[in-house]
Amino acid sequence: MLQDLLSDRHKRVVEHEMEIQGLLQSVNSRKQESQGPVQIPSRDDSPLLTAKEDASIPRSTLGDLNTMAGLEKELSNAKEKLELTAKNERESQLELSALQSMMAVQEEELQVREEELQDLQIQLIILKTYHLWNA
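Quick summary incoming for the structure in this document. (Residues numbered from 1 in each chain as written. Predicted model: local features only at pLDDT ≥ 70, side-chain atom pairs only at ≥ 80, totals over all residues. Heavy atoms only, no water.)

### A short note on the overall build of the chain
Then step 1. Within the chain one finds two helices and two strands.
Then step 2. Scanning the chain from its N terminus toward the C terminus, one meets helices and strands in the order α-β-β-α.
Then step 3. In the chain, which comprises 135 residues, the share counted as buried stands at 16%.
Then step 4. Within the chain, contacts between residues separated by at least 24 positions form 70% of all contacts whose residues are at least 6 apart in sequence.
Then step 5. Carbon and sulfur atoms form 55% of the exposed surface of the chain, whose accessible area is close to 11200 Å². (Helix = DSSP H or I, 4+ residues; strand = E, 2+ residues; numbered from the N terminus. Buried < 20%, exposed > 50% of the residue type's maximum accessible area, 1.4 Å probe, protein only. Contact = heavy atoms within 4.5 Å. Areas by Shrake-Rupley, 256 points an atom, 1.4 Å probe, with all protein chains shown as cover.)

The following block contains the structure:
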């Protein structure tokens, strides 16, 4: 049961990692798009300029900035979720280890008690046999 729980949590961690990778790729592609040549008309109706030709012209539009900010926020939230899930998985692993240790101790105690019971059964047989011979 605990193994199933840990397996489920591990799957969620992997899903979160894939989601974060997707967000990172999305952010990177948005950055690359915003850094590409952007044609901007000049004020005096002269030929079009590109962002690469004039470094004083911003490369990103306000919409791109908002989109980037939104993606970065999503990425941040996803990272927090991933960290929390990883923390929970570590705690579950520790709990599983503690439970496995407890089970091992209980199995040892059970084995000792079974041996004691066998010894008592042997003693009972010996006593019954002794009483039959002396009766």
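Once you've had a look at it, read on.
### Observations regarding the nonpolar core
Then step 1. Residues Val13, Ile20, Leu23, Val27, Met68, Leu71, Leu75, Ala78 and Leu82 constitute the largest nonpolar core, which totals nine residues.
Then step 2. Elements supplying a minimum of two residues to this core: helix H1 (2–35) and helix H2 (62–134).
Then step 3. With five residues, H2 is the largest single contributor of residues to this core. (Core = buried A, V, L, I, M, F, W, Y, C linked by side-chain atoms within 4.5 Å.)

### Observations concerning a negative patch on the surface
Then step 1. A grouping of Glu114, Glu115, Glu116 and Asp119 is seen on the molecular surface, where their side chains present a negatively charged patch.
Then step 2. Looking at Glu116, the relative accessible area reads 46%, which means it is partly exposed. (Patch = residues over 30% accessible without salt bridge, like charges linked within 9 Å, V, L, I, M, F, W, Y side chains within 5 Å. Salt bridge = Lys/Arg side-chain N within 4 Å of Asp/Glu carboxyl O. Lys, Arg positive; Asp, Glu negative; His and termini not counted. Charge placed at Lys NZ, Arg CZ, Asp CG, Glu CD.)

### Focus: the side chain of Thr85
Then step 1. In this structure, Thr85 sits in helix H2.
Then step 2. Contacts of Thr85, omitting those with residues within four sequence positions, involve Arg9, Arg12, Val13 and His16.

### Quick word on the pattern of salt bridges
Then step 1. For the structure shown, the criterion picks out one salt bridge.
Then step 2. The salt bridge involving Asp8 is made with Arg12; its shortest N-O contact spans 3.3 Å. Of this pair, Asp8 and Arg12 both sit in helix H1, four residues apart, which is roughly one turn of that helix.
Then step 3. Taking relative accessible area as the criterion, Arg12 reaches 35% and is therefore assigned partly exposed.

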